[in-house]
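# Inside the fold
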Amino acid sequence: MEQRKVILSGVTPSGILTIGHLTGALTNWVKLQNEYDCYYMIADLHAITAKQTPAELRKRTLDTAAMFIASGIDPVNSTLFIQSHVPEHSQLTWVLNTFTGMGECSRMTQFKDKSRQHSENINVGLFTYPVLMAADILLYQADLVPVGEDQKQHLELTRNLAQRFNHNYSDTFKVPEPYIPEIGARIMSLQEPEKKMSKSDPIQGSIIFLTDTDEQIVGKIKRAVTDSGSEVIFDEENKPGVANLMTLYHIATGKSMSEIESEFAGKGYGDFKSQVGDSVAEFISPIRDRYNELIANKDELAKILISGGEKARHTALRTLRKVYKKVGFVQF
Ligand code: TRP
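Structural notes, computed from the coordinates. (Residues numbered from 1 in each chain as written. Predicted model: local features only at pLDDT ≥ 70, side-chain atom pairs only at ≥ 80, totals over all residues. Heavy atoms only, no water.)

All right, on to the overall build of the protein then. When you go through the protein residue by residue, the secondary structure sums to 14 helices and 5 strands. Viewed in the frame of its principal axes, the protein has a C-alpha envelope of about 75 × 40 × 40 Å. A sequence separation of at least 24 residues applies to 74% of the contacts in the protein between residues at least 6 apart. Accessible area of the protein: about 16500 Å², with a carbon and sulfur share of 52%. One way to put it: in the protein the 37 positive side-chain charges average out to a point 8 Å from where the 41 negative ones average out. (Helix = DSSP H or I, 4+ residues; strand = E, 2+ residues; numbered from the N terminus. Contact = heavy atoms within 4.5 Å. Areas by Shrake-Rupley, 256 points an atom, 1.4 Å probe, with all protein chains shown as cover. Lys, Arg positive; Asp, Glu negative; His and termini not counted. Charge placed at Lys NZ, Arg CZ, Asp CG, Glu CD.)

See below:
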């Protein structure tokens, strides 16, 4: 049998997932499962580079894993695991740290941004965050790494480190490629439709969480900002609020923009919003129900994550052994 190509990606467990995560990342990850050997990771080691409340981090890690499964990540077909369950991530990071220049890390845009935002907590872990990410990827010999625009610089560093190590010793790491998915629908804030919907937006009404009840979803969509006109037409420039609701409706129903325009021709925003609200609620509800079931039964979730961690370790250890041997560590 031909070996399937390997995909690895991760999410930092920093908040409740939104409908934007579903369309931006998760839906894609679910599709990739059939074609690739997929490793999906909850990056809790990355999370602690920012201040965390321990109980909160623990809860978010499990919530995120449950939401992955509820959204369609199949833990039998893919390997779903928690980063800290696989000690090889930290071990390889140490080795890679010794191959990374201070300058390379200081140039990282995300490091500079985060240092500015959290000037009270510029820790060494934050500095070496991209090296940990490189270890995540290289341990699994990943061919492709689905990432957002903001992570592309980290992937470039990963490629450089892989090549540097391979060149210094001998072929050890697969040099990964970024996987830029076809542009998924971008979901904007319900209250400020010029801005991307973000889980950290302080205006709660602007976000649809995957944990929202049907009533919450319907209510938020009813209160969403539209514009002064009355026609349902797709015009992102002049009618960003309506365009965003149309995008949500498209995601929930599969209808095209022109189908949506004719469906609501001559009807007002009121009718439109209530139809969008009902459809989005219907779309989210099976995901939320499965999520609630998993959270209510932690044993099932624990079993899945333990087995994912073991599968991941098996692969990770193979790579780490090679690395340890090449750098000259004694192995008995
Ligand atoms: N740093 C990534 C983010 O914030 C999450 C992440 C950690 C990741 N390790 C990874 C993504 C490895 C891809 C591959 O989005």
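As a further point, take the packing of aromatic side chains. All told, the structure shown has 12 aromatic pairs when counted by the stated rule. When the centroid spacing of 5.4 Å and the interplanar angle of 85° are considered together, the rings of Trp29 and Phe68 count as edge-to-face. Of this pair, Trp29 sits in helix α1 (residues 19-32) while Phe68 sits in helix α3 (residues 54-70), placing them 39 residues apart in sequence. A relative accessible area of 4% places Trp29 in the buried class. Assessed through its relative accessible area of 1%, Phe68 is described here as buried. Ring centres 5.3 Å apart and planes at 55° place the aromatic pair Phe99 and Phe165 in the tilted group. Linking Phe99 in the loop between α4 (88-97) and α5 (102-106) with Phe165 in helix α9 (residues 152-168), this pair joins segments that are 66 residues apart in sequence. There is no split in this pair, since Phe99 and Phe165 are both buried. (Phe/Tyr/Trp six-rings, centres within 6.5 Å; stacked < 30°, edge-to-face > 60°. Buried < 20%, exposed > 50% of the residue type's maximum accessible area, 1.4 Å probe, protein only.)

These figures come from the coordinates and say nothing about function on their own.
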